[in-house]
Amino acid sequence: MHADRTTADEPRIHAIGVYLPEKRESNVAMAERFEFAGDFLEKKLGVRARSVKDVGQSRTDLCVLAFEDLLARTQLNAEDIQLALVVTQHPDVAVPHVA
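Cut-offs and rules
Residues numbered from 1 in each chain as written. Predicted model: local features only at pLDDT ≥ 70, side-chain atom pairs only at ≥ 80, totals over all residues. Heavy atoms only, no water. Helix = DSSP H or I, 4+ residues; strand = E, 2+ residues; numbered from the N terminus. Buried < 20%, exposed > 50% of the residue type's maximum accessible area, 1.4 Å probe, protein only. Patch = residues over 30% accessible without salt bridge, like charges linked within 9 Å, V, L, I, M, F, W, Y side chains within 5 Å. Areas by Shrake-Rupley, 256 points an atom, 1.4 Å probe, with all protein chains shown as cover. Salt bridge = Lys/Arg side-chain N within 4 Å of Asp/Glu carboxyl O. Phe/Tyr/Trp six-rings, centres within 6.5 Å; stacked < 30°, edge-to-face > 60°.

Undergrad: It is not clear to me how the side chain of Gln57 should be interpreted in this structure. Could you clarify?
TA: Assignment of secondary structure puts Gln57 in the loop between β2 (49–51) and α3 (59–73). Looking at Gln57, the relative accessible area reads 13%, which means it is buried.

Right under this line is the structure:
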């Protein structure tokens, strides 16, 4: 079915919740640690700094904050959401995986 004519029972992305930690670290120090030019990561990836979670804060904590952002952006109730998808390259633990 065409994207603008979905019915209530068809799966779709209704909204996206986001959370980025406030703390930022420059990529210059990381580039130098790996013996790259200071501006290498900015030129290669287009990113000058990266968000860094607080000590003691888990990736799961970040997911909860992103989910709270999702609820704040929408008129949805948490119990109405059928699927929340998490994508990470760095889970809290190897097994069980983030779910």
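Past the structure itself, the notes keep going.
Undergrad: Help me understand a nonpolar patch on the surface, please; the structure alone is not making it clear to me.
TA: Side chains of Ile13, Ile16, Val18 and Leu20 sit close together on the surface and give an oily, nonpolar patch of about 420 Å² of accessible area. Counting through the fold element by element, Leu20 comes out in the segment before β1 (24–26). For Leu20, a relative accessible area of 53% puts it in the exposed group.

Undergrad: Teacher, can you tell me more about the packing of aromatic side chains here?
TA: Both the distance between ring centres and the angle between the ring planes are used here to describe each pair of aromatic rings. The final tally for this structure, using the stated rule, is 1 aromatic pair. Residues Phe36 and Phe40 carry aromatic rings whose centres are separated by 4.5 Å and whose planes lie at 20° to one another, so their mutual orientation is stacked. You can call Phe40 partly exposed: its relative accessible area is 32%.

Undergrad: Any chance you could explain the pattern of salt bridges here in plain terms?
TA: For side chains of opposite charge, pairing can occur when their charged atoms come near one another. As enumerated under the stated definition, the model contains 5 salt bridges in all. A salt bridge links Glu25 to Lys23; the nearest nitrogen and oxygen atoms lie 3.8 Å apart. The partly exposed category is assigned to Glu25, whose relative accessible area is 29%. A residue is classified by how much of its surface remains accessible, and Lys23, at 43% relative accessible area, is partly exposed. Between Arg73 and Asp69 there is a salt bridge, with the nearest N and O atoms lying 2.5 Å from each other. Here Asp69 and Arg73 lie together in helix α3, a separation of 4 residues that amounts to about one turn.

Undergrad: What's the story with unusual backbone geometry in this structure? I'm lost.
TA: The phi angle of most residues is negative, glycine excepted, and most peptide bonds adopt the trans form. Of note in this structure, Glu35 is not a glycine but carries a positive phi near 60°. With respect to the helices and strands, the residue Glu35 is situated in the loop between α1 (27–33) and α2 (40–45). Relative accessible area serves as the criterion here: at 74%, Glu35 is assigned to the exposed category.

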